[in-house]
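Summary of the model geometry
Each chain, written out:
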Amino acid sequence: MLIMLGMQSLERRVDVRLSKTRIEQANRLQEYLYGMQIIKSYHMQGKNFGQLERACKDDRDASVHVESSVGPLNFISATFLRSGLCFMTIADVYLVLGGSLDVPAFAMFLLVGTRIFDPLAVAIMNYSELIM
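Worth saying up front: this structure is predicted, and the values here are computed from it rather than measured. (Residues numbered from 1 in each chain as written. Predicted model: local features only at pLDDT ≥ 70, side-chain atom pairs only at ≥ 80, totals over all residues. Heavy atoms only, no water.)

A few words on the packing of helix α3 (residues 50–98) against helix α4 (residues 103–125). Taken N-terminus to C-terminus, the directions of α3 and α4 make an angle of 175 degrees; their axes are 9 Å apart at the nearest point. As the angle between them shows, α3 and α4 are arranged roughly antiparallel. Each residue belonging to the contact of α3 with α4 can be placed in one class, and the counts come to 15 nonpolar, six polar and three charged. (Axes fitted to C-alpha atoms, helices over the stretch in contact; angles between N-to-C directions. Helix = DSSP H or I, 4+ residues; strand = E, 2+ residues; numbered from the N terminus. Parallel < 35°, antiparallel > 145°, perpendicular 65-115°, else oblique. Nonpolar A, V, L, I, M, F, W, Y, C, P; charged D, E, K, R; others polar.)

This next bit is on the nonpolar core. Leu81, Leu85, Phe117, Ala121 and Ile124 form the largest nonpolar core, which has five residues in total. Put simply, the parts of the chain that give this core at least two residues each are α3 and α4. Counting residues per element, this core draws most heavily on α4, at three residues. (Core = buried A, V, L, I, M, F, W, Y, C linked by side-chain atoms within 4.5 Å. Buried < 20%, exposed > 50% of the residue type's maximum accessible area, 1.4 Å probe, protein only.)

This paragraph deals with the pattern of salt bridges. Enumeration over the complete set of coordinates arrives at five salt bridges. Between Arg22 and Asp59 there is a salt bridge, with the nearest N and O atoms lying 3.7 Å from each other. Highlighted residues: Arg22 in helix α1 (residues 2–34) and Asp59 in helix α3, separated in sequence by 37 residues. Note on Arg22: relative accessible area 45%, which makes it partly exposed. As a salt-bridge pair, Asp61 and Arg60 come within 3.3 Å of each other at their nearest N and O atoms. Taking relative accessible area as the criterion, Asp61 reaches 35% and is therefore assigned partly exposed. (Salt bridge = Lys/Arg side-chain N within 4 Å of Asp/Glu carboxyl O.)

Next up, the structure:
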């Protein structure tokens, strides 16, 4: 849970930069589209559109920064969650070998465990998209 809170605060900070670059890119694209008639009439090309190209590069860099900073935290959280399933399985095997748990109950633990941990793992992997 501590990782999730840290991930959420980190993503808020990084998302501000991403939002600014997306707004700048949209403004430059809008400016380009509004000036299309002038561009065609004066045969303007390539080097005249450095601001739009720079805005696209800034947006790309900000998007990569968001994914590279928040993505590893998602994987760490999912790894901790998967380790819970592993520990549950180890405990169940220990109980089966000790004789205090029968095989059908063991099978039910495995079934319920996978049905609980898989949706949680998917939710953690999509957590950053859900809070945006």
